[in-house]
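Below are the chains, spelled out letter by letter.
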Amino acid sequence: MRYVNGIIAFVLLAFAVVGFVGPAEIHLPLSLFAGAILALLSMQRFIGLMTARALAVTTVVAMFFFFAGFFKHCPALSAEWYLEDHSLDFIGLLFAGFAMIPVLSVFSCWMKAECHMRVSSKSSVLPHSHTRKHQIG
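What you see as residue numbers is a count from 1 along each chain, following the sequence as written. Given that this is a predicted model, residues contribute local features only at a pLDDT of at least 70 and side-chain atom pairs are listed and counted only at 80 or more, while totals for whole chains, interfaces and linings are drawn from all residues. Heavy atoms throughout the structure, all of them, feed into the side-chain values; hydrogens and water do not.

Below, the discussion takes up the overall build of the protein chain. A helix here means a DSSP run of H or I that spans at least four residues, while a strand means a run of E at least two residues long, and both kinds are numbered starting from the N terminus. Along the protein chain, the regular secondary structure elements total six helices and zero strands. Reading the secondary structure of the protein chain in the N-to-C direction produces α-α-α-α-α-α. Across the 137 residues that make up the protein chain, the buried fraction comes to 34%. What makes two residues a contact is simply this: any of their non-hydrogen atoms within 4.5 Å. Considering only contacts in the protein chain between residues 6 or more positions apart, those separated by 24 or more positions represent 68%. When the accessible surface of the protein chain is split by element, carbon and sulfur atoms take 70% of a total near 8700 Å². Note on exposure labels: buried denotes an accessible area under 20% of the residue type's maximum, exposed denotes more than 50%, and partly exposed covers the range between, all computed with a 1.4 Å probe on protein chains only. Every accessible area reported is derived by Shrake-Rupley at a probe size of 1.4 Å, with residue values counting cover from the shown protein chains alone.

Written as structure tokens, this is what we have:
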């Protein structure tokens, strides 16, 4: 999942750079840059529980912001909106909305006990309860 979120961060950074160069409003590239930061933060090996909660809430807000930004402009878009000159902004918003789903899954995994046990156990990748069962039987 780290590689997927790394690719997401790279693509969101590319959309943000193109947005800064192009005629986009300033909040669009900044929000894409924030989404890239969230994707980069999800690549960490260990995140504390409270930090994971805060980042999960931030990711959900970002995801709804990206989808709302795209769907706000939908009624004005033509049937072949993706071929128009200004379509890169809308493609970036749509991609960013869907890209926040795997980022959110990492943060929500950190809030579960099983992920913490996997990281904390040095000898096994499985949670302790599974390793004990194999040692007994």
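The subject of this paragraph is the packing of helix H2 (residues 27–41) against helix H3 (residues 49–73). Here an axis means a line fitted to C-alpha atoms, over the contact stretch when the element is a helix, while the angle between two N-to-C directions is reported on a 0 to 180 degree scale. In the contact formed by H2 and H3, the axes pass within 11 Å of each other and the chain directions differ by 145 degrees. As H2 runs across H3, the sense of the crossing is left-handed. The residues of H3 that touch H2, namely those facing His 27, Ser 31, Leu 32, Gly 35, Leu 38 and Leu 41, are Leu 55, Thr 58, Thr 59, Ala 62, Phe 65 and Phe 66. Each residue gets one label: Ala, Val, Leu, Ile, Met, Phe, Trp, Tyr, Cys and Pro are nonpolar, Asp, Glu, Lys and Arg are charged, and the others, such as Gly, are polar. Each residue belonging to the contact of H2 with H3 can be placed in one class, and the counts come to seven nonpolar, five polar and no charged. Crossing handedness follows the turn of the near helix against the far one: under a right angle anticlockwise gives a left-handed crossing, and clockwise gives a right-handed one.

So, on to the nonpolar core. Only buried residues count toward a nonpolar core. Its members are Ala, Val, Leu, Ile, Met, Phe, Trp, Tyr and Cys residues joined through side-chain atoms within 4.5 Å. Leu 12, Leu 32, Phe 66 and Met 100 are the most contacted members of the largest nonpolar core, which has 31 residues in total. When residues of this core are traced back to their parent elements, those giving at least two are helix H1 (2–21), H2, H3 and helix H4 (87–110). Sort the elements by how many residues they give to this core and H4 lands first, with ten residues. Each residue touching Leu 32, except ones within four places of it in the same chain, is listed here: Leu 12, Phe 15, Ala 16, Phe 66, Gly 92 and Ala 96.

Turning to the packing of H2 against H4, a few remarks are in order. It is the contact of H2 with H4, at a shortest axis distance of 10 Å, that shows an interaxial angle of 25 degrees. One finds that H2 runs roughly parallel with respect to H4. Where H2 crosses over H4, the two elements pack in a sense that is left-handed. Where H2 approaches H4, its residues Leu 28, Leu 32, Gly 35, Leu 38, Ala 39 and Leu 41 are matched on the opposing element by Asp 89, Gly 92, Leu 93, Ala 96, Met 100, Val 103 and Phe 107. Oblique is the label for every angle not falling under 35 degrees (roughly parallel), over 145 degrees (roughly antiparallel), or within 65 to 115 degrees (roughly perpendicular).

Attention now goes to the packing of aromatic side chains. Aromatic contacts are taken between Phe, Tyr and Trp rings whose centres are within 6.5 Å, Trp giving its six-membered ring; a plane angle under 30 degrees counts as stacked, one over 60 as edge-to-face, and the others as tilted. Throughout the structure, instances matching the rule amount to five aromatic pairs. Taking the centre distance of 6.0 Å and the plane angle of 45 degrees together, the rings of Phe 15 and Phe 95 count as tilted. Of this pair, Phe 15 sits in helix H1 while Phe 95 sits in helix H4, and the two are 80 residues apart along the sequence. Ring geometry for Phe 67 and Phe 98: centres 5.0 Å apart, planes at 80 degrees, overall edge-to-face. Note that Phe 67 is positioned in helix H3 and Phe 98 in helix H4, a separation of 31 residues in sequence. Taken together, the ring pairs in this structure connect Phe 67, Phe 70, Phe 71 and Phe 98 into an aromatic cluster.

Before going further, it helps to examine the environment of Val 57. As for its position among the elements, Val 57 is in helix H3. Along the primary structure Val 57 and Phe 107 are separated by 50 residues, whereas in three dimensions their C-alpha atoms are 9.2 Å apart.

Any residue with relative accessible area above 30% and no salt bridge may belong to a patch, with like charges joined within 9 Å and the nonpolar Val, Leu, Ile, Met, Phe, Trp and Tyr side chains within 5 Å. Put simply, a salt bridge is a Lys or Arg side-chain nitrogen that is within 4 Å of an Asp or Glu carboxyl oxygen. A surface patch of nonpolar side chains, amounting to about 300 Å² of accessible area, comprises Phe 33, Ile 37, Leu 40 and Leu 41. For Leu 40, the position within the fold is in helix H2.

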